[in-house]
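# Survey of secondary and tertiary structure
Spelled out from the first residue to the last, the chains are:
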Amino acid sequence: MLKNERFLDWVVYQVYPRSFKDSNSDGIGDLQGIISKIDHFVELGINAVWLSPCYKSPNCDNGYDISDYRDIMDEFGTLDDWKEMISKLHERGIKLIMDFVGNHTSSEHKWFKEARKSKDNPYHDYYIWSSKPYPNITSVFGGSAWEYNEETDEYYFHTFAVGQPDLNWENDKVRKEMADIIDYWVGLGVDGFRCDVLACISKDLKNGKLDNGPRLHEFIRELFGREKLKNIFTVGECSFSEDEISKICGEDRNELSCVFQFDHFNHGRTWDKFVKQPFTYDEIKSDLVRWQYFSEKNRLLYPLLTDNHDQAHFISRLGNDKEYRYECATMYAAMFYLLKGIPFIYQGQEYGSADPYYGDIINYADVETLNYYNEKKNIIDKKELVEMINFGSRDNTRRPFCWNSEKNFGFGDGESSWLKLHSRGAEINLEKDRNSNKSVFNFYKRVLALRKESNAIRHGVFKDVTVNEGYFAYMMTLEHESVLVVCNFDKRNEINGLPQFEYLFGNYDARRKPNGEYSPFETAIFKC
């Protein structure tokens, strides 16, 4: 049994609070809105919520620029609202995972306001400074990663936006501050942390290394390896080699419970997320197979996800969100969430939400998107650039949640919303989906219910039984229980050679046996 085997029973739902539910008609989602929808989590089969940043922030990067780690953003409510939320989640058996943003603060944080005043200020060494910018280091969001500070005649370093100065983790006072912040939220009942860009906390800028620096493991152990945190769940947003993953998530390492793997996210686009390139579904399948076997061999927990707040919708980028939207969304649900690992479901995914379309940059708010547009607008034809923005923007998955077909698609009663409403909200919303004969939501419920009742799925051994290209068939087995999952890709396909198991359910009505002809994006689940 794995040391953290209990986490395989978790099903995590990511809430992007600004876009989930607006309870006070100001056009911004909030904590009371989340409280009002706890029944939705329960019905779906969720037992853990990952809450994207809700701390005080000037919102240079939608909350990932924190000005006070111990309080709640005014637009979202109060600390009392947060305490009510976690209490009601726990009452319903739902854990709470908070977003830990430790690489950088907001430039409005009191530490940075003090740090920039003088080189002698006690907080100056909380951040990374240089008398002149190191060459050839650019920000993830475009432009130089160095910003001039007139008061000290220096440049501060920011991996991301200008308003997100990087903390200096080489300073033991910074590490102590971060540990105290973790302890503060654990003391309030938090069950885990999703760790934003965690690999960036250790750097070697002189050699152009922006992450995975020489002291990364040391810093993580110092933060999360303490006895008081032994039952806390942690998942890192990190980019690691297989060897490094084994180290950072090893059972005896006292670092992280698991880390996200994004290999399958990178298909269908170049290194530039706004530029399309051809892909095959077999490539996605191969990534999943490789990580299933790797995780089993190395006794690791594997997070299962297709969508989050930083990516366009998976079914839009790497699927069919038009005539086969239901089939594609449900095929991916079975393909990912019946594997061994920890499911992460992003808001809207459960009703088959897909990318919207807008003809003008005015409908976007994401700092990464706007910076990219401004950088390219004099280089690329405007029409082509708008198409690229529609394809790659993070705002694709940040649009207000479409609950129904009423005003603002049920998001709230305000006269406007913080971000343009979803252009396909009348076509794709939760209420309409639930009432459809082809309901993505109802299929997700069945997948998660099967996962909950099946020890073979949660704790069994994975086996790839695919023979040819064009589909993915796998088995999960534990003792005398086996579950067979068949996922056909985008073309009609004849699949044979599968064991004769008993049919449970699928996304096409006609299927009853494992072998035979499969329709585009057909999935079927069988049990022995």
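Residues numbered from 1 in each chain as written. Predicted model: local features only at pLDDT ≥ 70, side-chain atom pairs only at ≥ 80, totals over all residues. Heavy atoms only, no water.

## Details of the sheet that holds strand 12 (residues 303-305)
- In space, the eight strands of this open sheet follow the order 11-10-9-5-2-1-13-12, with parallel pairing throughout. The sheet is open, and its two borders are formed by strand 11 (258-259) and strand 12, each paired with just one other strand.
- Contacting strand 2 (48-51) and strand 5 (95-100), helix 3 (residues 79-91) crosses the sheet at an angle of about 140° to strand 5. (Pairing = 2+ DSSP bridges. Helix = DSSP H or I, 4+ residues; strand = E, 2+ residues; numbered from the N terminus. Contact = heavy atoms within 4.5 Å. Axes fitted to C-alpha atoms, helices over the stretch in contact; angles between N-to-C directions.)

## So, the nonpolar core
- Ranked by internal contacts, the top residues of the largest apolar core, which has 141 residues, are Phe41, Trp82 and Tyr332.
- Counting residues per element, this core draws most heavily on helix 10 (residues 325-337), which supplies 10 residues.
- Ala473, Leu484, Val486 and Tyr503 belong to the second largest nonpolar core, which has 13 residues in total. (Core = buried A, V, L, I, M, F, W, Y, C linked by side-chain atoms within 4.5 Å. Buried < 20%, exposed > 50% of the residue type's maximum accessible area, 1.4 Å probe, protein only.)

## A word on the sheet that holds strand 14 (residues 461-464)
- Pairing is antiparallel across the open sheet formed by five strands, whose spatial order is 14-15-16-20-18. What marks the edges here is a single partner per strand, and that holds for strand 14 and strand 18 (502-506). Recorded for the sheet is a direction-independent mean angle of 20° between the axes of neighbouring strands.
- Judged from the four bridges that link them, strand 18 and strand 20 (residues 523-527) form a sheet pairing that is antiparallel. Paired with Glu502 across the bridge in strand 20 is Lys527.
- Those strands touched by helix 10 are strand 15 (471-478), strand 16 (481-488) and strand 20, and its axis lies near 145° from that of strand 16.

## A closer look at the packing of helix 10 against helix 14 (residues 440-453)
- Viewed as axis vectors pointing N to C, helix 10 and helix 14 meet at an angle of 15°, and their least axial separation amounts to 10 Å. Taken together, helix 10 and helix 14 sit at an angle that is classed as roughly parallel. Regarding helix 10 and helix 14, the two cross each other, and that crossing is right-handed. Each of Tyr326, Ala329, Thr330, Ala333, Ala334 and Tyr337 in helix 10 lies in contact with helix 14, whose residues at this interface are Val440, Phe443, Tyr444, Val447 and Arg451.
- For the contact of helix 10 with helix 14, the residue count by class is nine nonpolar, one polar and one charged. (Parallel < 35°, antiparallel > 145°, perpendicular 65-115°, else oblique. Left-handed = near helix turned anticlockwise from the far one by under 90°. Nonpolar A, V, L, I, M, F, W, Y, C, P; charged D, E, K, R; others polar.)

## Quick look at the pairing of strand 14
- In terms of strand pairing, strand 14 meets strand 15 through four bridges, oriented antiparallel. What sits directly across from Lys463, in strand 15, is Met475.
- Linking strand 14 to strand 15, which pair antiparallel, is a turn of six residues; within it Gly470 sits at a positive phi near 100°.

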